[in-house]
Amino acid sequence: MPLQGIRVVSIEHAVAAPFASRQLADLGAEIIKIEKPGVGDFARSYDEATHGLSGNFVWLNRGKKSVELDLKKQENVQLIFDILQDTDVLLNNLGPGALDRLGFNPEKLHEIFPHLIICSISGYGKEGPYSNKKAYDLLIQSEAAVLQITGSPDAPAKTGLAVVDIASGMYAFSSILAAIIHRNKTKIGTIIEISMLEAIAEWMSFPIYYTYGGTEPVRSGTDHATIYPYGPFLTMNKEQLFIAIQNNREWEIFCREILKDASLIVNPRFKTNILRVQNKMLLKKIIEDVTGEIDRADLANLLDEKKIANAYFNDINGLINHPQLQFYQKWKNVNSEVGKISMLQSPMNFNNISCHWGRYSIIRRTY
């Protein structure tokens, strides 16, 4: 496997760092997860949805070795130092200043272990006016204006996923991979700082650049904020189908082949995407007068035939049983302390590398 032989010590909890180390584990790295005595990673107690285990913890912690250590005890701190001699990566998402208080100042560690890659995930960065402020996913969504662009025109909404944690974890993951490549060339490790705010601010770049036009994107529910038609439309029996028109060529095909009204192509209210967005409520009625008379599956097939993008509005079970995931056999059984749990394989698909799923167990803490 790509990262076989790479050892990672991760002082982690919740989502961001565990998400990063889970990706490394999927590629074959040895992950030693350090947990608090007594309670362990507090994500273990978020819920009991997965056969008595926390769904959050199950998602993030397959393939890791887990050890409970009280890092307030000097002998355990020394144990970590001893392990770091033969470790490639030290990862953490502890609170502000916590790593230094434990005696693991990154700059000093780098002097002692020049080969070591040290990656820290924090809410706002290690310096600056917000550096000591505690941070969680929803709070950063609020600070980063994610809530401002998410939801309906009447009310903001948080995203249904922990997007800030996931963004931070993915930047940590990719940065660690880059640092491993760099070390292979130079024999020297590096110090990586990932800020949750900066990670999601990068994802917010489109709304940021949109403001150059003098306005901010408006919350648009399930419609696209700046492209139309792009969103859900009612079909027969009040079922929704998402339809996406990306350019004028597709708009012309849509008008001729689906709506059966070529006059809409030259209609001054709909000739360009900007005009279609400005007149979306009128256009939505015109479209649904047609789509509302067509069975959803029939409409999807017709759109596919005409190369017009579309998608079903699925629930979670619809995703679990999605024909593409079934085709690629993406579900595999993983061992856990409560028996087999069906989990999605990694989306990182290699044509000549086998991922050995037998090793991806979610194990009980060892002491």
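Here, the structure is the one placed above.
The following refers to the structure shown. (Residues numbered from 1 in each chain as written. Predicted model: local features only at pLDDT ≥ 70, side-chain atom pairs only at ≥ 80, totals over all residues. Heavy atoms only, no water.)

1. Section: the nonpolar core
- Val8, Leu24, Leu91, Ile121, Ile176 and Ile200 are the most contacted members of the largest nonpolar core, which totals 35 residues.
- Residue assignment for this core shows that the elements contributing at least two residues are helix 1 (16-26), strand 4 (89-92), strand 5 (117-122), helix 8 (163-186), strand 8 (191-195) and helix 9 (196-203).
- Those residues within four positions of Ile121 in sequence are excluded, and the remaining contacts are Ala16, Ala17, Leu91, Asn92, Asn93, Leu94, Ser168, Ala172, Ile194 and Met196. (Core = buried A, V, L, I, M, F, W, Y, C linked by side-chain atoms within 4.5 Å. Buried < 20%, exposed > 50% of the residue type's maximum accessible area, 1.4 Å probe, protein only. Helix = DSSP H or I, 4+ residues; strand = E, 2+ residues; numbered from the N terminus. Contact = heavy atoms within 4.5 Å.)

2. Quick word on helix 3 (residues 74-84)
- Residues of helix 3 that are buried include every one of Asn76, Val77, Ile80, Phe81 and Leu84, and no others. Viewed end-on, helix 3 has its buried residues packed into an arc of 150°, placing them on one side of the element.
- Those residues of helix 3 hidden inside the fold are in contact with strand 1 (7-11), strand 2 (30-35), strand 4 and helix 5 (106-112). (Arc of directions from axis to C-beta.)

3. Overview of unusual backbone geometry
- The residue after Tyr228, namely Pro229, is reached through a cis peptide bond having omega 0°.
- Its place among the elements puts Pro229 in the loop between helix 10 (205-210) and strand 9 (230-234).
- For His51, which is not glycine, the phi torsion reads 55° and is therefore positive.
- Relative to the assigned elements, His51 resides in the loop between strand 2 and helix 2 (55-60).
- Phi at Lys307 takes a positive value of approximately 65°, unusual for a residue other than glycine.

4. Some thoughts on helix 8
- The end-to-end C-alpha distance of helix 8, which contains 24 residues, comes to 34 Å, matching closely the 34 Å that a straight helix rising 1.5 Å per residue would cover.
- Where helix 8 terminates, the next one or two residues include Lys187, which has phi positive at roughly 70°. (Expected span 1.5 Å × (residues − 1).)

5. Observations regarding the sheet that holds strand 8
- Taken in spatial order, the six strands make up an open sheet running 3-2-1-4-5-8, and their pairing is parallel. Looking at strand neighbours, the two that pair on one side only are strand 3 (64-68) and strand 8, the edges of this open sheet. On average, each strand axis in the sheet is tilted by 20° relative to the strand beside it, whichever way the strands run.
- Direction of pairing for strand 2 relative to strand 3: parallel, over a ladder of five bridges. Note on strand 3: the bridge partner recorded for Ile32 is Lys65. (Pairing = 2+ DSSP bridges. Axes fitted to C-alpha atoms, helices over the stretch in contact; angles between N-to-C directions.)

6. Re the pattern of salt bridges
- Tallied over the entire structure, the rule returns 16 salt bridges.
- Between Lys65 and Glu30 there is a salt bridge, and its shortest N-O distance comes to 2.8 Å. Remark: Glu30 occurs in strand 2 and Lys65 occurs in strand 3; sequence separation between them is 35 residues.
- Here Asp289 ties to Lys285 by a salt bridge, and the two come within 3.2 Å at their closest N and O atoms. Within this pair, Asp289 and its partner Lys285 are both found in helix 14 (residues 280-291), separated by four residues, close to a single helical turn.
- Classification of Lys285 by relative accessible area gives exposed; the value is 52%. (Salt bridge = Lys/Arg side-chain N within 4 Å of Asp/Glu carboxyl O.)

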